[in-house]
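Structure assessment
Spelled out, the chains give:
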Amino acid sequence: MKQGFAFFVIILFLISGSALFAQDLSGVLDSTVNYTAGAGGSQSHSFGLEQFANLRLRVRTGERATLISAFNLIAISGNYVEAANSMQALNQNPLASTPFAYGQNYAAAIELERLYFRINSDLFDTEAGLLRMAFGYGQVWGPSDFLNPRNPLSHNARHRGVLGTTFSFYPADSMELMLFAAAPRDPFESDGSGFIIPGVALDQHWSRGSVQVLYAYETPRSFDTTSNFPEAPLAESKWGKHRFGLSIKADLELGFMFDALYTLNPGNADGIEGLSASAGFDYSFLDGDLYVLFEYLFNGSSSATAFGAGGFFLNHHYLYGAVLYKFNIFTSLTFSTVFCFDDLSFQPILRFDYEIFQGFSLNLTANVPFDQKSIRDGKVGELGPKKSHARAIVNAGARLRF
């Protein structure tokens with residue numbers, strides 16, 4: 001406990017010292033209350049409190065170099081602490097989730113989210129460190145964004161950073177060629193296996209559309225049953241993985257998008273099961289006050305969005321739909337649903353946002369899982385109460401941006 005306290009003191013000192021010299025300090029502060037009606041072995045009713053802050057610091061050195069860092073400060077109690085303990089127990093890895101120090105009525109943590117430098121030159125731009133590498137134009141599922149798989153059921157989840165580097169060149173004003181590399185998912189890997197290198201992404205932009213093509217190679221992994229990230233099949237240890245991506249967006253009368261990533265494991269070729277692909281559209285009505293979005297996902301069992309390969313989903317066919325209505329510039333209501341066609345399970349999500357004044361808003365979010373068994377005597381579904389461990393999830397929060 002003393003070591004944990006000393007660690008917090010050192011980190012807070014570094015954050016405070018960095019803030020003094022930061023030329024750009026910004027962030028967000030969230031206060032959230034959670035109620036969960038449990039299912040699937042969880043307690044019937046549970047409550048939790050969370051205080052979360054994300055601090056972003058930016059320091060410019062000269063005309064071309066910039067240091068960017070971001071920290072997450074977290075204080076939680078109730079069912080948030082139970083969830084954190086469950087994650088650590090399942091991963092059996094102290095680095096797999098944020099380590100918490102426990103006080104009298106709360107648990108607290110400090111997490112490094114970003115730490116990298118950026119250099120802008122006349123010929124190229126480069127970034128290196130703990131940074132966000134984003135790929136593809138998908139709004140919901142993001143198959144091409146394989147280094148950071150998305151889950152539309154996690155409303156406030158921030159994109160995780162990866163340890164790596166990028167080099168961006170601009171052959172033309174509307175074209176970007178990016179070379180990238182990333183460290184293995186398992187931080188204990190030390191024999192060169194699991195690296196994403198080389199990787200290349202080419203973006204071409206027009207006035208009403210954009211296209212991105214992507215290729216990435218993951219070096220062969222020496223599969224070990226004691227590994228903290230046992231995701232790769234045994235055959236992969238010899239051949240590694242190839243990933244091929246294509247992403248398209250077009251702004252016509254409707255906003256169309258297509259995003260696909262194929263994962264090829266030569267040692268264990270899975271055909272269509274290596275494909276993750278999404279397609280959808282969005283459109284605004286009533287001078288922008290009414291907004292609709294629909295996006296379909298095909299999730300191959302060994303693709304980047306699949307559970308066990310870095311993603312979150314077990315079945316093949318999903319649909320996300322959302323309708324947002326702005327009552328005025330301060331108030332909006334969003335109704336969305338994630339639906340699984342394979343087992344007919346789904347989760348409606350209702351979100352209400354109200355901005356009291358610029359930079360400070362209140363929000364209320366409710367999830368209600370359904371499947372065949374919860375509606376009538378049928379089978380358990382992936383998005384249903386038993387698998388989600390909840391019959392209802394309600395979050396009420398306040399957000400301050402600065």
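Residues numbered from 1 in each chain as written. Predicted model: local features only at pLDDT ≥ 70, side-chain atom pairs only at ≥ 80, totals over all residues. Heavy atoms only, no water.

Bridge count for strand β13 (residues 275-285) against strand β14 (residues 290-299) is 10 bridges, and the pairing is antiparallel. Residue pairing across strands places Ser-284 opposite Tyr-291, the latter belonging to β14. What sits between β13 and β14 in their antiparallel hairpin is a turn of four residues, with Leu-286 showing a positive phi close to 50°. Inspection of the sheet shows β14 paired to strand β15 (residues 317-326) by nine bridges, in the antiparallel sense. Paired with Tyr-296 across the two strands is Leu-319, which belongs to β15. (Pairing = 2+ DSSP bridges. Helix = DSSP H or I, 4+ residues; strand = E, 2+ residues; numbered from the N terminus.)

Moving on to the confidence of the model for the protein. Looking at the protein as a whole, the pLDDT averages 86, with 87% of positions reaching at least 70. For the stretch residues 1-5, pLDDT sits under 50, and the model shows one contact to residues farther than four places along the chain or on other chains. In the predicted structure, residues 89-96 sits below a pLDDT of 50 and forms 10 contacts with residues beyond four places in sequence or in another chain. (pLDDT = per-residue confidence, 0-100. Contact = heavy atoms within 4.5 Å.)

What follows is about the pattern of salt bridges. Taken as a whole and judged by the stated rule, the model has nine salt bridges. For Arg-160, the salt bridge identified is with Glu-111, shortest N-O distance 2.5 Å. With Arg-160 in the loop between β6 (124-131) and β7 (162-172) and Glu-111 in strand β5 (residues 107-120), this pair connects stretches of sequence that are 49 residues apart. On the accessibility criterion, Arg-160 (51% relative accessible area) is exposed. Classification of Glu-111 by relative accessible area gives buried; the value is 11%. With a shortest N-O distance of 3.4 Å, Arg-150 and Asp-145 are connected by a salt bridge. (Salt bridge = Lys/Arg side-chain N within 4 Å of Asp/Glu carboxyl O. Buried < 20%, exposed > 50% of the residue type's maximum accessible area, 1.4 Å probe, protein only.)

Now for the environment of Leu-147. Within the secondary structure layout, Leu-147 lies in the loop between β6 and β7. For Leu-147, the contacting residues outside a window of four places in its chain are Met-133, Phe-135, Val-162, Ala-182 and Ile-196.

The alternating pattern of strand β18 (residues 360-367) places Ser-361, Asn-363, Thr-365 and Asn-367 on a buried face and Phe-360, Leu-362, Leu-364 and Ala-366 on a face that is not buried. Judged from the eight bridges that link them, strand β17 (residues 345-357) and β18 form a sheet pairing that is antiparallel. Residue pairing across strands places Arg-351 opposite Thr-365, the latter belonging to β18.

Here we take up unusual backbone geometry. A cis amide bond links Ile-197 to the next residue, Pro-198, at an omega of -5°. For Pro-198, the position within the fold is in strand β9 (residues 196-205). Despite not being glycine, Asp-287 has its phi angle at roughly 60°, a positive value. Classification of Asp-287 as exposed rests on a relative accessible area of 83%.

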